[in-house]
Amino acid sequence: NAGVIQTPRHKVTGKGQEATLWCEPISGHSAVFWYRQTIVQGLEFLTYFRNQAPIDDSGMPKERFSAQMPNQSHSTLKIQSTQPQDSAVYLCASSSLGGLEQYFGPGTRLTVL
Amino acid sequence: QQKVQQSPESLIVPEGGMASLNCTSSDRNVDYFWWYRQHSGKSPKMLMSIFSNGEKEEGRFTVHLNKASLHTSLHIRDSQPSDSALYLCAASRTGGYKVVFGSGTRLLVSP
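Attention here is on the structure that accompanies the text. From a predicted model like this one, the values you see are computed outputs, not experimental measurements. (Residues numbered from 1 in each chain as written. Chains lettered and ligands numbered in written order. Predicted model: local features only at pLDDT ≥ 70, side-chain atom pairs only at ≥ 80, totals over all residues. Heavy atoms only, no water.)

This part is about the interface of chain B and chain A. Chain B puts 16 residues into the contact, and the matching count from chain A is 18 residues. Summing the contributions of chain B and of chain A, the shared interface buries around 1400 Å²; its carbon and sulfur component is 56%. The element contributing the most residues to the side of chain B that touches chain A is strand β4 (residues 32-38) of chain B, with four residues. Grouping the amino acids of the side of chain B that touches chain A by side-chain chemistry returns ten nonpolar, five polar and one charged. (Contact = heavy atoms within 4.5 Å. Buried area = accessible area lost by both parts, 1.4 Å probe. Helix = DSSP H or I, 4+ residues; strand = E, 2+ residues; numbered from the N terminus. Nonpolar A, V, L, I, M, F, W, Y, C, P; charged D, E, K, R; others polar.)

Further remarks concern the side chain of B:T72. On the secondary structure map, B:T72 appears in strand β8 (residues 71-76). Among residues more than four places away in sequence, those in contact with B:T72 are B:L21, B:N22, B:C23, B:F33, B:W35, B:I50, B:V63, B:H64, B:L65 and B:C89.

With that settled, the discussion passes to the packing of aromatic side chains. In total, this model carries eleven aromatic pairs over all chains according to the counting rule given. Between A:F104 and B:F101 the ring centres are 5.9 Å apart and the planes differ by 70°, which places this aromatic pair in the edge-to-face class. Taken together, the residues span two chains, with A:F104 in strand β10 (residues 103-104) and B:F101 in strand β10 (residues 100-101). By relative accessible area, which is 10% here, A:F104 ends up buried. (Phe/Tyr/Trp six-rings, centres within 6.5 Å; stacked < 30°, edge-to-face > 60°. Buried < 20%, exposed > 50% of the residue type's maximum accessible area, 1.4 Å probe, protein only.)

We now examine the pairing of strand β11 (residues 105-110) of chain B. Residues and elements named next belong to chain B. By the alternation rule, side chains of β11 split into T105, L107 and V109, which are all buried, and R106, L108 and S110, of which none is buried. Note that strand β2 (residues 10-14) and β11 share five bridges and pair parallel. Across the sheet, the residue bridging to S10 is R106, located in β11. Bridging between strand β9 (residues 85-92) and β11 involves three bridges; their strand directions are antiparallel. (Pairing = 2+ DSSP bridges.)

Another point: the nonpolar core. Ranked by internal contacts, the top residues of the largest apolar core, which has 24 residues, are B:L74, B:Y87 and B:L107. At the level of secondary structure, the elements contributing two or more residues to this core comprise β2, β3 (19-25), β4, β5 (45-50), β7 (61-66), β8, β9 and β11 of chain B. At four residues, the largest contribution of residues to this core is made by β9(B). If we ignore the near neighbours within four places in the chain, the residues touching B:L74 are B:A19, B:S20, B:L21, B:W35, B:L47, B:M48, B:F61, B:T62, B:V63 and B:Y87. In terms of nonpolar packing, the next biggest core, distinct from the first, is built from 19 residues, A:V4, A:M69, A:A88 and A:C92 among them. (Core = buried A, V, L, I, M, F, W, Y, C linked by side-chain atoms within 4.5 Å.)

Once that is clear, we can look at the sheet that holds β8(B). Residue and element names in this part refer to chain B. Strand order in the open sheet made by the five strands is β1-β3-β8-β7-β6, with antiparallel pairing throughout. Across the chains shown, the open sheet's two edge strands, defined by having one partner strand only, are β1 (4-7) and β6 (54-58). Across this sheet, the average inter-strand angle for adjacent strands is 15°, counted without regard to direction. Bridge count for β1 against β3 is four bridges, and the pairing is antiparallel. Paired with S7 across the strands is N22, a residue of β3. (Axes fitted to C-alpha atoms, helices over the stretch in contact; angles between N-to-C directions.)

This is the structure we're talking about:
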């Protein structure tokens, strides 16, 4: 079991560019979560899918952030018109059921110049 | 909106000492609590979970839960420098709800 896979591990974008982050959950897990972590804000919940359906996106900045889960083997987080304040480590986690132990991927460190 | 409060924000204990971390949820419908540990530059990993009132011990780590007060605590005895990390408390309801994380306690164990 390779665990949760996230790509790329590091991404640098210029202000105003688009960034797409990828997550492959653990095979058989039905829940996928996206978080953003910074020193100042800590671990912030962004969005949550269960059986590929979006369940809760209350943490997503509405205008520029979007997430999808087109199939059970991957999810994407897209940030349009990136801003320096979007710089953070974006973590994806999966669990066998929502609300149970989550397994985190290694994260994608996004730097917006 | 459910919040999970952790205290203290940071903690320094000598090697071999006892570290005590606290966590309280504001959601009366919470049923599950977890403690995650995140070493610097790594992603969080689940350390211990507790779902029932009382105490649970695993090696040097002990977790307490008081469901009436929605309070859980993590105690690390004989602390080691390798225990230095960010400790995150998380809580959720039953039925597939999202897990809410606290802001963490940063533990430093000094040799």
